[in-house]
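# Observations on the model geometry
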Amino acid sequence: MAKSVSGFSKLTKQEKVDWLTAHFTNVGIEAKEILQQYWNEDRILQSLHDDFVENTLTNFYLPYAIAPNFVINKKNYAIPMVIEESSVVAAASMVAKFWSSRGGIKTKILSTIKSGQIHLIYHGSSEGLQLYFDKMKPQLLRATENITENMRQRGGGILDLKLKNITHELDNYYQIHVEFDTKDSMGANFINTCLEAIANEFRRPDIEIVMSILSNYVPECVVRAEVSCPVEELYEENALHFAQKFVQAVKIAAVEPYRAVTHNKGIMNGVDAVVIATGNDFRAVEAGVHAFAARNGKYSSLSHAEIKDGKFRFWIDLPLSLGTVGGLTKLHPLAKLSLEILDNPNAEELMQIVAAAGLAQNFAALRALTTTGIQKGHMKLHLTNIIKLLNAKEDEKQFLIQYFENKTISHKAVVDKYYEMRREKE
Ligand code: HMG
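The structure contained in this document is the topic of the report that follows. Here the structure is a predicted model, which is why all the values come from computation and not from measurement.

Pairing analysis gives 8 bridges linking strand β4 (residues 114-122) to strand β6 (residues 173-181), with the strands arranged antiparallel. Pairing of I121 across the sheet is with Y173, part of β6. Direction of pairing for β4 relative to strand β7 (residues 207-214): antiparallel, over a ladder of 7 bridges. Paired with L120 across the bridge in β7 is I209.

This next bit is on the nonpolar core. Formed by 88 residues in total, the largest nonpolar core has its most connected members in M81, A92 and V354. Domain assignment of the residues forming this core places at least three in each of domain 2 (64-108 + 224-371) and domain 3 (114-214). Each residue touching M81, except ones within four places of it in the same chain, is listed here: A65, A67, V88, V89, A92, A273, V274 and A277. In this structure, M379, L383, L400 and V414 belong to the second largest nonpolar core, which totals 9 residues.

Moving on: the site of the ligand. Lining the immediate environment of the ligand, one finds 22 residues, of which A90, S93, M94, G266 and G377 sit closest. Breaking the shell around the ligand down by element, the ones donating at least two residues are α4 (88-100), α9 (257-277), α12 (347-369) and α13 (374-389). Residue contributions to the shell around the ligand peak at 7 residues, all from α4. Here the residues of the shell around the ligand sort into 11 nonpolar, 7 polar and 4 charged. No fewer than three residues from each of domain 2 (64-108 + 224-371) and domain 4 (376-425) sit in the shell around the ligand.

Attention now moves to the packing of helix α6 (residues 145-153) against helix α7 (residues 188-202). Contact geometry for α6 and α7: axes closest at 10 Å, N-to-C directions at 145°. You can see that α6 and α7 cross each other, and the crossing is left-handed. Between α6 and α7, the residues in contact are I147, T148 and M151 and F190, T193, C194 and A197, respectively. Each residue belonging to the contact of α6 with α7 can be placed in one class, and the counts come to 5 nonpolar, 2 polar and no charged.

The strand order across the open sheet built from 4 strands is β5-β6-β4-β7, with neighbouring strands paired in antiparallel fashion. Of all the strands in the sheet, just β5 (157-165) and β7 have a single pairing partner and so form its edges. Within the sheet, the average angular offset between the axes of one strand and its neighbour, ignoring direction, is 15°. Here helix α5 (residues 126-142) sits on the sheet in contact with β4, β5 and β6, set at roughly 170° to β5.

Moving on, we get to α13. Over its 16 residues, α13 runs 23 Å from end to end, which matches the ideal 22 Å to within 8%, given 1.5 Å per residue. Bending of α13 peaks at approximately 30° at the position of K380. Taken together, the buried positions of α13 are M379, L383, I386 and I387. On the buried face of α13, the contacting elements are α14 (394-403) and α15 (411-425).

Structurally, G279 can be placed in the loop between α9 and α10 (282-293). Residue G279 is classed as buried on the basis of its 24 C-beta neighbours within 10 Å. Between the C-alpha atom of G279 and that of L322, which follows or precedes it by 43 residues, the distance is 9.4 Å.

Strand order in the open sheet formed by 4 strands is β3-β8-β10-β9, with antiparallel pairing between adjacent strands. The sheet is open, and its two borders are formed by β3 (106-109) and β9 (303-308), each paired with just one other strand. Across the sheet, the mean angle from the axis of one strand to that of its neighbour is 20°, orientation sign disregarded. For β3 and strand β8 (residues 222-230), the ladder comprises 4 bridges, and the chain directions are antiparallel. Within β8, the position partnered with T107 by the bridge is A225.

Now for the packing of α9 against α10. Close contact between α9 and α10 brings their axes to 10 Å; oriented N to C, the two are set at 150°. Judged by the inter-axis angle, α9 sits roughly antiparallel to α10. When you trace α9 past α10, the crossing you get is right-handed. Taking contact as the criterion, the partners of A260, N264, M268, V271, D272, V275 and I276 in α9 are, on α10, F282, V285, E286, V289 and A293. Here the residues of the contact of α9 with α10 sort into 9 nonpolar, 1 polar and 2 charged.

This part covers unusual backbone geometry. The backbone of S87 sits at a positive phi, close to 85°, despite the residue not being glycine. At N344, a residue that is not glycine, the phi angle is positive and equals roughly 45°. Within the fold, N344 resides in the loop between α11 (333-341) and α12.

Here we come to α11. Residues of α11 that are buried include every one of A335, S338 and L339, and no others. The buried residues of α11 all sit within an arc of 95° when viewed along its axis, so they share a single face. Residues of α11 that are exposed and angled more than 90 degrees away from the buried face: P333 and E340. Here the buried face of α11 lies against β2 (75-82) and α9. Looking one or two residues beyond α11, the residue adopting positive phi is D343, at roughly 70°.

This paragraph deals with the environment of S321. Here S321 shows up in the loop between β10 (311-319) and α11. When the C-alpha atoms of S321 and D281 are compared, they prove to be 8.7 Å apart, with 40 residues separating the residues in sequence. Setting aside chain neighbours within four positions, we find S321 in contact with K114, M186, N216, V218, C221, A284 and G288.

Analysis parameters
- Residues numbered from 1 in each chain as written.
- Predicted model: local features only at pLDDT ≥ 70, side-chain atom pairs only at ≥ 80, totals over all residues.
- Pairing = 2+ DSSP bridges.
- Helix = DSSP H or I, 4+ residues; strand = E, 2+ residues; numbered from the N terminus.
- Core = buried A, V, L, I, M, F, W, Y, C linked by C-beta atoms within 7 Å.
- Buried ≥ 20, exposed ≤ 12 C-beta atoms within 10 Å, placed from the backbone.
- Domains from an automatic or database assignment.
- Contact = placed C-beta atoms within 7 Å.
- Near = placed C-beta within 6 Å.
- Nonpolar A, V, L, I, M, F, W, Y, C, P; charged D, E, K, R; others polar.
- Axes fitted to C-alpha atoms, helices over the stretch in contact; angles between N-to-C directions.
- Left-handed = near helix turned anticlockwise from the far one by under 90°.
- Expected span 1.5 Å × (residues − 1).
- Bend = angle between axes of the 7 residues up to and from the residue.
- Parallel < 35°, antiparallel > 145°, perpendicular 65-115°, else oblique.
- Arc of directions from axis to C-beta.

What follows is the structure, encoded as structure tokens:
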């Protein structure tokens, strides 16, 4: 049977499942059962999820968890996190609790400007194009007035637009760079609609508009999160040594890209989990954050740390374009609930919560890496997963947890101990 198909999008969901399982799975019946097992019994809810994307066959679950005890700017939060990686939520919770008794996490918005570009090719003189742009500028803004009316009423809209000459990098390449404030929306549709309207107005037979699109690089939409305390308040013992090693670890990530990528990946564990839980676009955030990490020409750490005048300070600046209205934020019932749990933040508040989660995650990873090593905590949590896979009874589970309290945990060690215990029982 042919594995290519036309008109797939027009098939019903069941027909799509039938076609896929007949052509691409070995045991069609089993595959069908797996796919259908994840259908929600509530037909209205299922149909809502079916419509989020195209050619939907089923739902793919990710755990929805909560990290409590975050104190951000003196306000208490329980932060929803959607993530499949074990130890992230435990680490965030642990660090949130740790800093809650040391003044909490402090955050502030540094800027909220987003941008989009109209990329164009022009073969004439750059002076001529600049004169045309200057003359057209009021008209270009007028062309967006209908689109920006509501946004302007909310205090946002187009902030500025300028012509950029980039012919030194690519022959005949110019762009109109437009800056926006999109208030509580991520603003992708708004920005793109404005850009297309401006491009249409600017169009001339000798100007080739290549494309008009927002940028997910938002180096001027930045939030800072930080924690600080006197060094001696970090831990009862060896606080200075801990702080120095911690700062050293951050400095290594600042200069060494191999380390910086993993360091930042740990930060994104926290960031993405909250971005997804609130129905935001984590691919946009990821792309923007990593470009920001390389903004000085070399990929580097997103976080920073110092010891100054006996005070430990650890902070992060993150470019985040987030929304609390529009997109999935109100459409996905769990995203909506996440926002409710977070006390219905506006976009700026959500940026601060997400940055706090990223900072907490980075603190947890660095704390573990510079003290016990990462595997200890990982394996402690992994132990319960291995025990689950073994179908161990409750008393066997308790025995294994106790047995491995002071021992190195590995998959083999747990399995071996389990069977040894079973043999002894028989
Ligand atoms: P612990 O000290 O053994 O934990 O740490 P504990 O059992 O004493 O509990 C202390 C608190 O931790 C708890 O307080 C919870 O808040 C939390 P309580 O609830 O009891 O009042 N906690 C948990 N929360 C939920 N479920 C749990 C749980 N266990 C503890 N099961 C912990 C254990 C895993 C937290 C610690 O070992 C740790 O932080 N390890 C680091 C783990 C980590 O950073 N994971 C992130 C993913 S790895 C990563 O980021 C990639 C990496 O490559 C990045 C990089 O290189 O920078 C590492």
